[in-house]
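Coordinate analysis (summary)
Listed below are the residues making up each chain.
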Amino acid sequence: MNWSGAPGGMKKTMNELAVEGRTLYAFIERNFHLVRRYLSWEIVFLFYNAINAMTIGYIGVNTPVQHRNETVLYLLIGALLWGYLSLLFDEVANSISWERWEGTIEYTFMAPIRRLTHLLGMCLYAVTYGIVRTVIVLVALALFFHISLSTANLWTGVVVLVVSSVSFMGLGLIAATLPLLSTERGVQATHIIQGVILLISGIYYPISVLPHWVQWASYLSPATYALEMARAALLHGATVAQLAAPLLKLLLIGALMIPLGLFVFVQAERFAMRTGRLKRNG
Amino acid sequence: MIAQVTTAGAVPAIEVREVHKRFAGDRKRNGRRKPFIAVNGVSLRVEQGEVFGLLGANGSGKSTLIRLISTLLYPDAGSVSVFGHDVVRDQRTVRRLLNRVSVEASFFKKLSAIENLMYAGRLYNLSGRETRERVVELLTQLGFSKAKIRAPLEELSRGMQQKVAISRALMTRPKLLLLDEPTTGLDPRSKRDVQELIANLHAQHGVTCVLTTHDMDEAERLCDRISIIDRGRIVALGTVEELKAAQDGVQTLEDVFFELVGRAWGDEEDDE
């Protein structure tokens, strides 16, 4: 076997990885700069998120004492996980509409970067930002609700969060095509998608309470599996091994959603370039 | 005119061949859209090192042509190549070679010049340090103080914002610079600064520039050759002297323009 080309080839690969890494970082750094510049908005959003989660948690406080802990935790898991997943979805989908409003989209699309790296950069930022926001809301909730986590398996909870992020990134990428095609209507349409996921995924109630004809749709939503597993981990202490099968299913959904999202996005980009829809709008 | 720097025989900086581009127009009362022909069989060649002017009224097809060259639009028919690379097939290679300044200084307005340009620099594979050094050097040359470099762009005048836009393009050291009405709406001082920058860029670094403008004096002063585009078609192409010589009894480039186009600036809508 001839290994003579290996060092050169490896160097080239390392260089390419460094270039992609720099591009990824461009999106993360830019968005954190934006967060810093819109700090007052961030504080308002965080405040609202925390209050919203608390309000939902308090619905369970009125239940009989023997079920109180479980009910409150059930609701809070829904509020926290939905807060995280919807934020992830929003950030990925809205990063395109944000660029359209600012008029920078043509410059980003004109840059010599891979679209995959561009979209992964947006997703990585969304995951980092989402985790930071969720942890802050979690701390606020811990101060208000004295909930026993003695039976919870937090490690499994973290694994569920990470695995569910993958499929939500894919969903976000598909949704991001909508503002690419139409600035105003696109954003509205992403909210419709988000609303449907909220309804069908059993965020605050078991999906069995939904009309039968809606329940089939619940099984298409990655959030349904994410919530079931998060509740199994935090309410009943399920281990990663016990949840291996649904975790694998969720991972598989994510593994399909990301390339599907990328494919849909690239097709939408080509359509936008054929029809002139990348031009500044709004 | 600055200087004739064309390199005959070399690969042209831009080669546009029989390009057509049309868009779906506004919806009519019957619900149908009447297609709008933005570029109609345009062919032109821009040599390396040239400053090439593209003149036309609003809606004539200038910006569409710039977008086609800058890989932001696919042609319906025909081909566009930049330094021998096709803009559709070799998109990433072409993107590494060019940059663009448009009439709107498009930025994240809450971010400062340095924050916006750090983002742009990383997309062109510049390190943070490299970008910071280039940005400070370029913006200082353009009269920016340290405080202005770090101030949100929404607090800067349009002239200053346009200078940041030009720095964004220059920072990546493009071989081809597409300047789409870079001085439109600027005050006389800022306009002069931007024009000097273009002239210096061309004289010192031999960067090929395509300049679209409504300012005839600017075109005459900066461009080696000029083409006049009307309703998506090139109606004249040559040096200022050649254009004047081709029309009987005209004195100025503006006379040439009106002679060929036959109506005033701004008679039509924007071309997209």
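Residues numbered from 1 in each chain as written. Chains lettered and ligands numbered in written order. Predicted model: local features only at pLDDT ≥ 70, side-chain atom pairs only at ≥ 80, totals over all residues. Heavy atoms only, no water.

The next point concerns the overall build of chain B. When you go through chain B residue by residue, the secondary structure sums to 10 helices and 10 strands. Scaling as 2.2 N^0.38, a compact globule of 272 residues should have a C-alpha radius of gyration of about 19 Å, and chain B matches this with 19 Å. Projecting the C-alpha coordinates of chain B onto the three principal axes gives extents of approximately 50 × 45 × 35 Å. Within chain B, the proportion of its 272 residues that are buried is 57%. The contacts of chain B with a sequence gap of at least 6 include a subset with a gap of at least 24, amounting to 70%. Accessible surface computed for chain B: about 11600 Å², of which carbon and sulfur atoms make up 45%. (Helix = DSSP H or I, 4+ residues; strand = E, 2+ residues; numbered from the N terminus. Rg over C-alpha atoms; globule rule 2.2 N^0.38 Å. Buried < 20%, exposed > 50% of the residue type's maximum accessible area, 1.4 Å probe, protein only. Contact = heavy atoms within 4.5 Å. Areas by Shrake-Rupley, 256 points an atom, 1.4 Å probe, with all protein chains shown as cover.)

Using the criterion set out here, one finds 10 aromatic pairs over all chains in the structure. Centroid distance phenylalanine 32 of chain A to tyrosine 125 of chain A: 4.9 Å. Interplanar angle 75°. Geometry classified as edge-to-face. In this pair, phenylalanine 32 of chain A sits in helix α1 (residues 6-37) while tyrosine 125 of chain A sits in helix α5 (residues 115-144), placing the two residues 93 residues apart along the sequence. Of the aromatic side chains, those joined through ring pairs into one cluster are Tyr38, Trp41, Phe45 and Trp98 of chain A. Across from the ring centre of phenylalanine 109 of chain A, 4.2 Å away, lies the NZ or CZ of arginine 115 of chain A, which sits over that ring. A cation sits over an aromatic face here: arginine 168 of chain B above phenylalanine 107 of chain B, 4.0 Å from the ring centre. (Phe/Tyr/Trp six-rings, centres within 6.5 Å; stacked < 30°, edge-to-face > 60°. Lys NZ or Arg CZ within 6 Å of the ring centre and 35° of its normal.)

This next bit is on the pattern of salt bridges. The full count for this structure, using the stated rule, is 23 salt bridges over all chains. For glutamate 20 of chain A, the salt bridge is made with arginine 114 of chain A, and the minimal N-O distance between the two is 2.7 Å. One end of the pair, glutamate 20 of chain A, is in helix α1; the other, arginine 114 of chain A, is in the loop between α4 (105-110) and α5, and 94 residues separate them in sequence. Judged by its relative accessible area of 37%, arginine 114 of chain A falls in the partly exposed class. With a shortest N-O distance of 2.7 Å, aspartate 193 of chain B and arginine 189 of chain B are connected by a salt bridge. In this pair, aspartate 193 of chain B and arginine 189 of chain B are both assigned in helix α7 (residues 188-205), four residues apart and thus about one turn of the helix distant. Classification of aspartate 193 of chain B as buried rests on a relative accessible area of 19%. Accessibility expressed as a relative area gives 53% for arginine 189 of chain B, which makes it exposed. (Salt bridge = Lys/Arg side-chain N within 4 Å of Asp/Glu carboxyl O.)

In this section: helix α1 (residues 62-69) of chain B. Residue and element names in this part refer to chain B. Buried residues dominate α1, accounting for eight of its eight residues. Among the residues making up α1, those that are buried are Lys62, Ser63, Thr64, Leu65, Ile66, Arg67, Leu68 and Ile69. One or two steps after α1, the chain reaches threonine 71, where phi turns positive at roughly 65°.

What follows is about unusual backbone geometry. Residue and element names in this part refer to chain B. Unusually for a residue other than glycine, phenylalanine 83 sits at a positive phi of about 50°. With respect to the helices and strands, phenylalanine 83 occurs in the loop between β4 (77-82) and β5 (85-86). Residue classification places phenylalanine 83 among the buried residues on the basis of a relative accessible area of 10%. For glutamate 181, which is not a glycine, the phi torsion comes out positive at approximately 50°.

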